[in-house]
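Close look at the chain arrangement
Listed below are the residues making up each chain.
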Amino acid sequence: MNSGNETTRRRLLLAGLATFGLAGCGFHLRGQLDMPFKRAYLNASRNERFMNRIARQLEINGVVLTERLNEAEVSIRLFNIKRERDILSLNRAGKAREYRLLTTLNYAVERADGTTLRPAERIAVRRDITYDDTQLLAKDQEEAMLYRDMEDDIAQQLVRRLAAIKLDGPAAQ
């Protein structure tokens, strides 16, 4: 019985040391960003799953999305959204063994008066996936999950880039 108590104490001690170690290194969960604008117009339909992810990320960070451009401080234009799948390697039979998935989003940001705050930029995210003909359903589900993960990653990257915009600075060229 005594060894069970010692094991429990050791585990608690290790958990406590790990907690202090993380706190001491400056680790903290990513919180809400301090956005330079509070009202934005997003030129995308909230019915599209990817656009809804971006809208949700903006709202989480305190941005109110307006229905009309004239009610917003900034306009966020999203365009040229693409999903691609390229073959990375082939097996001996000449069939694809690995794919590279790529999701890209181009965006631009303008003030309400039309001046450019951020000219057109591109965010691209890649993931590699192996392929196996004997596991078609599982691989299709894995690919769909990776695309969702990439869309979430792009939405978070976009919001971080938007948080770095200076509204009172000079307009971008």
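Now for a look at the structure at hand.

The rules behind these values
- Residues numbered from 1 in each chain as written.
- Predicted model: local features only at pLDDT ≥ 70, side-chain atom pairs only at ≥ 80, totals over all residues.
- Heavy atoms only, no water.
- Helix = DSSP H or I, 4+ residues; strand = E, 2+ residues; numbered from the N terminus.
- Contact = heavy atoms within 4.5 Å.
- Pairing = 2+ DSSP bridges.
- Buried < 20%, exposed > 50% of the residue type's maximum accessible area, 1.4 Å probe, protein only.

With that settled, consider the environment of Arg77. For Arg77, the location among the structural elements is in strand S3 (residues 74–90). Considering only alpha carbons, one finds Arg77 and Ala120, 43 residues apart in sequence, at a separation of 8.8 Å. Once residues within four sequence positions are removed from consideration, Arg77 is found in contact with Asn43, Asn106, Tyr107, Ala108 and Glu110.

Our next topic: the pairing of strand S5 (residues 116–130). Summarising the sheet, strand S4 (residues 96–111) and S5 pair through twelve bridges and their orientation is antiparallel. Bridge pairing in S5 links Leu101 to Arg127.

Among the structural elements, Ala163 can be located in helix H3 (residues 136–163). The exposure class assigned to Ala163 is partly exposed, which follows from its relative accessible area of 21%. When sequence neighbours within four positions are dropped, the list of residues in contact with Ala163 reads Leu33, Asp34, Met35 and Pro36.

With respect to the helices and strands, the residue Leu162 is situated in helix H3. A relative accessible area of 0% means that Leu162 is categorised as buried. C-alpha separation for the pair Leu162 and Ile76, spaced 86 residues apart in sequence, amounts to 9.2 Å. With residues near it in sequence (within four places) discarded, Leu162 still touches Met35, Pro36, Phe37, Leu58, Ile76 and Val109.

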